[in-house]
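Given next are the chains, with one letter for each unit.
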Amino acid sequence: MSLSDPWMRHQVAALTFWNQGKHREAATEYWLAFRGIPNSTHQARYHILHGYTSTLRGDYFEATDDDVKNMEQIFRDKHEPRLFRLEAGYTLGVMSYSRSERLKCQEIYHHAITIGEKQPKNSKQERLEQKKMLMLTPGGEQTQKTMKELMDVVLKDCQNNLNGLNKSTTVRSASSLERTVNEATAGGDPPQKRTHVMPIGRGGTSLSNEEINNLIDVGGLQCDCCKCKSKKLLVCQRCKKAYYCSAECQKKQWRENGHKLHCRKDGEFKAEDLVQIARLKNKPELNDKIVRVVGPDKNNEGRYEVRMEGSVKGDKSFSIAAGNLNQLRPYDCRK
């Protein structure tokens, strides 16, 4: 390798910017370096991609739409080695969670796990995944790990984060890989905790503590009807948020357990729905809070009037754009 290679110059620039605390500039240079490597299995290619992705995951700045597109480009590209698709999927999941897009985050992790758990489709792919990739130790020395070894680490991170989405306090931890290697990036930062907030007014709430804790669960770990965990689950094609082990359970949930009443299409909100506020830039302190929908704002198209749970007469409601409201899982699936 030589600095005459453009991608090497971008990599050096990335490290320089990182050491200066210019994380946005470092991420951009890492991406340019990654794009500049002509060989998709070059031994330094994962090292550079991980420099970019770990910086995006480090909460040093807000990832841009271009960053998201970059990750989606790799994640959806079936010609990319599985290791790179997994790394991109893991990063997309973290970015989606940071944007309060929990259900999108769940979908991405499921897809990434499916990619990672598949057996190599032929002997050529199996040999490829035994190829060693360049990494750096915490002391800055070069080491090598096979694609398969690195895939197993990223796959475990995806599985852990997916499981975390079904806990009332979600922990988004630094990846196992980031805790064991140092690329002059975000490795080793302490886990960050995020939890939903449900303000409750003077009128109280009929929800139990368990129901409140389950408000932001994304499901997908068991059948919402019989609670079976041993089968591949079907998903409701209308709301995309309810899971069933069989057509029989799906019908029973729809007819007998109330899913017909609580099922919502994407972007659909009705009076008394619980929703989560997200992506507000003018009042970010309201983000993550869970409120009740009163109904459409009669004076402003595309907005909804919401109120705090337990509001009583005299308490004010306020108006939120539909794009700043996240649907929660249907009530019948959270019970």
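Anything mentioned here points back to the structure above.
Rules and cut-offs
Residues numbered from 1 in each chain as written. Predicted model: local features only at pLDDT ≥ 70, side-chain atom pairs only at ≥ 80, totals over all residues. Heavy atoms only, no water. Phe/Tyr/Trp six-rings, centres within 6.5 Å; stacked < 30°, edge-to-face > 60°. Helix = DSSP H or I, 4+ residues; strand = E, 2+ residues; numbered from the N terminus. Buried < 20%, exposed > 50% of the residue type's maximum accessible area, 1.4 Å probe, protein only. Axes fitted to C-alpha atoms, helices over the stretch in contact; angles between N-to-C directions. Parallel < 35°, antiparallel > 145°, perpendicular 65-115°, else oblique. Left-handed = near helix turned anticlockwise from the far one by under 90°. Contact = heavy atoms within 4.5 Å.

Caption draft 1: Layout of the packing of aromatic side chains. Scanning the entire structure with this criterion turns up 6 aromatic pairs. Measuring from centroid to centroid gives 5.2 Å for W18 and Y60, while their planes differ by 90°, and the two rings are edge-to-face. Residue W18 is found in helix α1 (residues 6-19), and its partner Y60 is found in the loop between α3 (45-56) and α4 (65-76); the two are separated by 42 residues along the sequence. For the pair F34 and F84, a centre-to-centre distance of 6.3 Å together with 40° between the ring planes defines the contact as tilted. With a gap of 50 residues between them, F34 in helix α2 (residues 23-36) and F84 in helix α5 (residues 82-98) connect regions that are remote in the sequence. By the burial criterion, F34 is buried, and F84 matches it. Within the aromatic cluster, the residues linked to one another by ring pairs are W31, F34, Y46, Y52 and F84.

Caption draft 2: Examining unusual backbone geometry more closely. For K240, which is not glycine, the phi dihedral falls at a positive 65°. Structurally, K240 can be placed in the loop between β5 (234-235) and β6 (243-244). In this structure K240 comes out as partly exposed when scored by relative accessible area, which is 45%. Positive phi is not limited to glycine here, since D288 has a value of about 80°.

Caption draft 3: Representation of the packing of α2 against α3 within the structure. Orientation of α2 relative to α3, taken along the N-to-C sense of each, is 150°, at an axis distance of 8 Å. Put simply, α2 runs roughly antiparallel to α3. As for how α2 packs across α3, the hand of that crossing is left-handed. Within the contact between the two elements, α2 uses H23, R24, A27, Y30, W31, A33 and F34 and α3 uses R45, I48, L49, G51, Y52 and T55.

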